[in-house]
Amino acid sequence: MTANKASEEVVGRVLKLFLENPTKFIDYMKIRCELFKDSESSIRRALQELEKEGILDISNPSGRQKSNDRTKTYKINMSPKAFEKMLNISLAGSIDGFLRSAYVDHFIRINSFECVYDAIKERLRDDKFKWKASSELFDLKSTKEEYVDLRDMISEYYRKHDIYDSFGSLRNDNAELIDMVIERPKHHFCDEKMTDLANQIGLDIKAIRSRRIEILDNFEPWMTVPFYRYTIHKDVKNLFSDLYNRELITFGLSEFMKYDNYLSPFTSYPMNNPEVLLFSDPFKRIYHNFYLMKELDLKMLFKRASTVYIRFADLLFEHFRNHLPLKQNLELWTKQFIFLWNVSVPNFDIVWEYLNELYLYKLGSGKYHVHTEGLSLFVIDLKTNREVSGYQEIMEKNGILQPFDAPFLHHLFVGLETDVYDPYTNLNSSFWFGDVKGIPNIVSYDDIISDIKSKFAEYGWDYYM
């Protein structure tokens, strides 16, 4: 270190004062008083260096054209460039706790969390930094405030993508959330009455691919999944509840989205609309790509699957209302969806049993990301970012003789229990639904098709069935 170079330790101590007081001007005497163990010359060199780097702004006393270090007042700079310089200083070890400081909290409030992410995203490749950044940034009040309003995210989406309403003007930022996310599709048939009815029945719930949510997926889910549930999930749950209360959607869809958004935050609504979640790969959603942060979250997994089963007609109606069927098509497609459920539910049974065993034997942290690839099941421990381990120790302790590895999923009709079976006729229950009061052992095709037709009849579409 050269004689004229400021000590890194003193720079760190001076900077820490400003990080703790990001909105205040501080004069030299105050700094000198706080850092009484450091020499005057070392403090002055630190201030000069921070001023030169653009980290500190200065304000001269009124009436003075020229000032020295003793008469200047200093305030920390809130620009993204200054933020990056301070981040580098903190990573060099001169200051500790930078990302959880009052400065960063105020910086987010002024510049947005996205601005912080853009400054640190390359460093998130380092697992140690990623863990530290995740644990500190998502505990800040300003981060929570930025994520708590779903309506604000949607307004931002419209502004960035220059989306206009049907009257040719930019959507009003003061519009209600419901008005911003739903629209009636435009159908055109040769029959004028059919066209009118179709446009009354249809209802699109639009996906809003928020960058803020995409950003969350780049941090540690150990922190971001609870953060999402505390902020965004509440708004999504209230949105779908409100849609149901206004009789715009069915109860089944409202319930499904409540559980789905809780379990699968980064791929659920608003990133994808309900149609994609339920029908892009029909009913695989009940056992694929979700997070469990505690054993009680299994209850939510169970409810998501059982809601699809019990409210099957509700969910098919939500699909058909935007793909309006005539009688022969409705009956054929309903049987196809029954078939696809009957293919998916055995896989739910496999996943459910295995997860319950993981919690029973207390394997790993109990915080898991569960996903599938083909017929392979993966349960990732969020603490280690590896597949759940500890099998050998648990096997020896509990006298388990067989390997305790993740099972393979079923493909099509492996494991059918009866010779008399029509996979298109009845909706089969999960093996695990059987002991729960109020869940039927089987839901018949006749009941499903009757329920769907009755919903269409409310709109007058039974004329075409």
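This section reports on the structure supplied with the text. Predicted model only: the values in this text are computed from it and were never measured.

### Structural notes on the environment of F337
Part 1 of the argument: For F337, the position within the fold is in helix 19 (residues 327–360).
Part 2 of the argument: Classification of F337 by relative accessible area gives buried; the value is 11%.
Part 3 of the argument: Expressed as a C-alpha distance, the spacing of F337 and L316, which sit 21 residues apart in the sequence, is 8.2 Å.
Part 4 of the argument: Contact partners of F337, with chain neighbours within four places excluded, come to F279, P282, F283, F312, L316, H319 and F320.

### Focus: the pattern of salt bridges
Part 1 of the argument: Counted by the stated rule, this structure contains 30 salt bridges.
Part 2 of the argument: Residue E51 is joined to K72 by a salt bridge in which the shortest nitrogen-to-oxygen separation is 3.2 Å. You can see E51 sitting in helix 3 (residues 40–52) and its partner K72 sitting in the loop between strand 2 (56–59) and strand 3 (73–76), a full 21 residues away along the chain.
Part 3 of the argument: We classify E51 as partly exposed; its relative accessible area is 26%.
Part 4 of the argument: By relative accessible area, K72 is classed as buried at 12%.
Part 5 of the argument: Residue D105 pairs with R109 through a salt bridge whose shortest N-O separation is 3.4 Å. You can see D105 and its partner R109 sitting in helix 5 (residues 102–111), four residues apart, about one turn around the helix.

### Details of the environment of D204
Part 1 of the argument: If you trace the backbone, D204 turns up in strand 5 (residues 204–205).
Part 2 of the argument: Looking at D204, the relative accessible area reads 27%, which means it is partly exposed.
Part 3 of the argument: The spatial distance from the C-alpha of D204 to the C-alpha of H319 is 9.9 Å, given a sequence separation of 115 residues.
Part 4 of the argument: Setting aside anything within four residues of it in sequence, one finds D204 in contact with V181, I182, E183, P185 and N322.
Part 5 of the argument: At 3.1 Å, the side chain of D204 forms a polar contact with the side chain of N322.

### Let's talk about the packing of helix 6 (residues 113–120) against helix 7 (residues 127–137)
Part 1 of the argument: Orientation of helix 6 relative to helix 7, taken along the N-to-C sense of each, is 165 degrees, at an axis distance of 13 Å. When the axis of helix 6 is compared with that of helix 7, the two are roughly antiparallel. In this structure, the crossing between helix 6 and helix 7 has a hand that is right-handed. The segment helix 6 lies against helix 7, with F113, V116 and I120 engaging F129, A133 and L137.
Part 2 of the argument: Taken together, the residues of the contact of helix 6 with helix 7 sort by class into six nonpolar, no polar and no charged.

Criteria and thresholds
- Residues numbered from 1 in each chain as written.
- Predicted model: local features only at pLDDT ≥ 70, side-chain atom pairs only at ≥ 80, totals over all residues.
- Heavy atoms only, no water.
- Helix = DSSP H or I, 4+ residues; strand = E, 2+ residues; numbered from the N terminus.
- Buried < 20%, exposed > 50% of the residue type's maximum accessible area, 1.4 Å probe, protein only.
- Contact = heavy atoms within 4.5 Å.
- Salt bridge = Lys/Arg side-chain N within 4 Å of Asp/Glu carboxyl O.
- Polar contact = N/O pair within 3.5 Å; in protein donor to acceptor, adjacent residues only side chain to side chain.
- Axes fitted to C-alpha atoms, helices over the stretch in contact; angles between N-to-C directions.
- Parallel < 35°, antiparallel > 145°, perpendicular 65-115°, else oblique.
- Left-handed = near helix turned anticlockwise from the far one by under 90°.
- Nonpolar A, V, L, I, M, F, W, Y, C, P; charged D, E, K, R; others polar.

Just geometry here; none of it tells us what the structure is for.
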